[in-house]
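Listed below, chain by chain, are the residues.
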Amino acid sequence: MKTTLLSALLCCCWLITTAPSAEGPVDAEATANTVILDEQGVKNLRIETVVVQKQDFETTVFAIGRIEDIPSSRSVLSSRISGRAVEVNAFEGDLVEKDQVLVKVESRQPGNPPPTIALRAPKAGLVVDSHVRLGEPIEPETELLDISDRSKMWAIAKIPEKEASGVAVGTIARVQVPAIGGSPITVKLSRYRVAADREAGTVDAIFEIDNSDNKLQPGMRAEFSIIIASRTGVVAVPRTAIQGDPTKRIVFTKHLELPNSFVKIPVQLGEQNDRYVEVLSGLFPGEEVVTQGSYSLGFAGGGSGISLKEALDAAHGHEHAEDGSELTDAAKAAQADGHEGHDHGGSDGGSKMNLYLQIYAGVISLLLLITLQQLWNKRRQKSEATA
């Protein structure tokens with residue numbers, strides 16, 4: 001009998017300790033990593049998000065270079081005869097058309113008036129240098145105007161020698177020219193220069209780039225991301241989404257339930273290129289990650305005036321505890337009685353206290369049953385002995 005009662009006691013204790021609490025569990029770490037803003041705060045931080053998805057991920061080689069004229073696009077205006085410039089129609093910086101009359105030269109041959117010839121542009125382009133002035137003597141060996149057709153230009157990348165072997169003619173690259181801004185320009189490697197730079201340890205890779213809007217100028221700095229390989233099915237996010245120090249990288253994702261709320265998530269990163277970073281763990285396709293305003297989110301949230309409790313109350317339509325957990329019936333009753341100054345189970349400490357009280361009551365009840373059973377057994381034995 002004692003063994004049976006003891007077994008019942010242990011079983012009851014186990015059921016009490018393992019029974020689910022009426023209050024849902026609260027992830028303290030997730031709560032601490034949640035940044036809650038109001039609508040105005042989201043606008044002020046200019047928050048933008050993108051949906052995480054698997055994509056083709058490019059392996060790139062980074063290089064620095066410059067914009068240069070294409071040698072074959074340069075032309076020179078000169079005279080076949082000696083004479084004097086009596087008309088000059090183009091100067092440095094002017095755009096000219098092919099066969100446009102640029103200079104008139106008065107010949108030294110006798111005549112009244114002396115004979116003149118018109119010098120026409122050999123091709124369309126930009127006058128990049130001028131060596132002639134009105135009334136200036138002209139000789140056949142004199143270069144009067146330098147003209148450059150800049151509708152296309154060369155973007156020349158200085159690729160380190162150790163990486164040049166993976167960059168073949170025909171390789172695609174993205175070129176960013178800081179001086180003109182805008183999106184990167186996609187170009188294709190057309191050739192290499194015939195000699196390497198011994199001092200820098202680089203080789204010059206020549207990419208032809210469109211300049212129909214005439215914004216590019218020789219000497220402008222160019223930044224190259226040369227694509228040497230590609231992988232499919234890679235989870236990657238824009239580089240602007242990654243925050244934190246190199247030993248602990250994080251991103252902010254949009255909260256699944258709470259509006260204007262964002263959760264800080266630690267991530268493990270892999271390879272990166274000029275636009276994206278591979279995410280090895282921490283994110284899943286379908287989540288929304290913050291790309292613009294993610295840096296500011298690390299310092300935001302304290303002044304929004306919205307607590308986790310208020311956000312959850314608005315999202316779920318019923319009241320929660322201060323830490324975001326569900327309120328138990330006991331806590332709701334206590335609040336209704338006006339006991340706001342005490343913690344009645346809405347917090348983690350109150351939940352533990354309720355559990356301890358349940359265990360204590362169960363143990364006392366079973367001990368009482370055991371005592372009563374023993375007393376009843378003694379009385380029965382005494383009655384049998386008397387009979």
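Preceding block: the structure.
These figures come from a predicted structure and were not determined experimentally.

(A) Here's a closer look at the overall build of the protein chain. Assigned secondary structure in the protein chain consists of eight helices and 21 strands. Looking at the protein chain as a whole, 34% of its 387 residues are labelled buried. When contacts within the protein chain are restricted to residue pairs at least 6 apart in sequence, long-range pairs at least 24 apart make up 69% of them. Accessible surface, the protein chain: about 23,200 Å² in total, of which carbon and sulfur atoms supply 53%.

(B) Focus on unusual backbone geometry. Of note, the bond from Asn112 into Pro113 is cis; its omega dihedral lies within 30 degrees of zero at 0°. With respect to the helices, strands and loops of the structure, Pro113 is situated in the loop between β7 (101–107) and β8 (116–120). A positive phi angle, near 55°, is found at Arg46, a position not held by glycine. Tracing the chain through its elements places Arg46 in the loop between α3 (39–44) and β2 (48–51). You can call Arg46 exposed: its relative accessible area is 57%. Its identity is not glycine, yet Asn260 carries a phi of approximately 60°, on the positive side.

(C) Up close: the side chain of Gln243. Tracing the backbone shows Gln243 in the loop between β16 (221–238) and β17 (250–254). For Gln243, the side chain forms a polar contact with the side chain of Ser294, separated by 2.9 Å. In this view, Gln243 contacts Lys248, Arg249, Ile250, Ser294 and Tyr295; residues no more than four positions away in its chain are not counted.

(D) The packing of aromatic side chains, seen in detail. All chains considered together, the criterion is met by two aromatic pairs. Considering the side-chain rings of Phe207 and Phe224, the 5.5 Å spacing of their centres and the 35° angle between planes classify their relative orientation as tilted. Pair noted here: Phe207 is in strand β15 (residues 202–210) and Phe224 is in strand β16, with a separation of 17 residues, a long-range link. Judged on exposure class, the residue Phe207 and its partner Phe224 are both buried.

(E) Expanded view of the sheet that holds strand β5 (residues 83–88). Read from one edge to the other, the open sheet built from four strands follows the order β8-β7-β5-β10, with strand pairing classed as antiparallel. In the strand order of this sheet, the two ends are held by β8 and β10 (137–138), each with one partner. Pairing of β5 with β10 involves two bridges; the strand directions are antiparallel. What sits directly across from Gly83, in β10, is Ile138.

(F) Summary view of the sheet that holds strand β11 (residues 145–148). Read from one edge of the open sheet, four strands run β4-β11-β9-β6, paired in antiparallel fashion. With partners counted over all chains shown, the strands left at the sheet margins are β4 (74–77) and β6 (95–96), one partner each. In the sheet, β6 pairs with strand β9 (residues 125–130) via two bridges, with the strands oriented antiparallel. In the sheet register, Val96 faces β9, and the bridge partner there is Gly125.

(G) A look at a nonpolar patch on the surface. A cluster of nonpolar side chains, contributed by Tyr360, Ile364 and Leu367, occupies part of the molecular surface with about 310 Å² of accessible area. Relative to the elements of secondary structure, Ile364 occurs in helix α8 (residues 348–386). Ile364 gets classed as partly exposed once you look at its relative accessible area, which sits at 41%.

Reading the values: rules and limits
Residues numbered from 1 in each chain as written. Predicted model: local features only at pLDDT ≥ 70, side-chain atom pairs only at ≥ 80, totals over all residues. Heavy atoms only, no water. Helix = DSSP H or I, 4+ residues; strand = E, 2+ residues; numbered from the N terminus. Buried < 20%, exposed > 50% of the residue type's maximum accessible area, 1.4 Å probe, protein only. Contact = heavy atoms within 4.5 Å. Areas by Shrake-Rupley, 256 points an atom, 1.4 Å probe, with all protein chains shown as cover. Polar contact = N/O pair within 3.5 Å; in protein donor to acceptor, adjacent residues only side chain to side chain. Phe/Tyr/Trp six-rings, centres within 6.5 Å; stacked < 30°, edge-to-face > 60°. Pairing = 2+ DSSP bridges. Patch = residues over 30% accessible without salt bridge, like charges linked within 9 Å, V, L, I, M, F, W, Y side chains within 5 Å. Salt bridge = Lys/Arg side-chain N within 4 Å of Asp/Glu carboxyl O.

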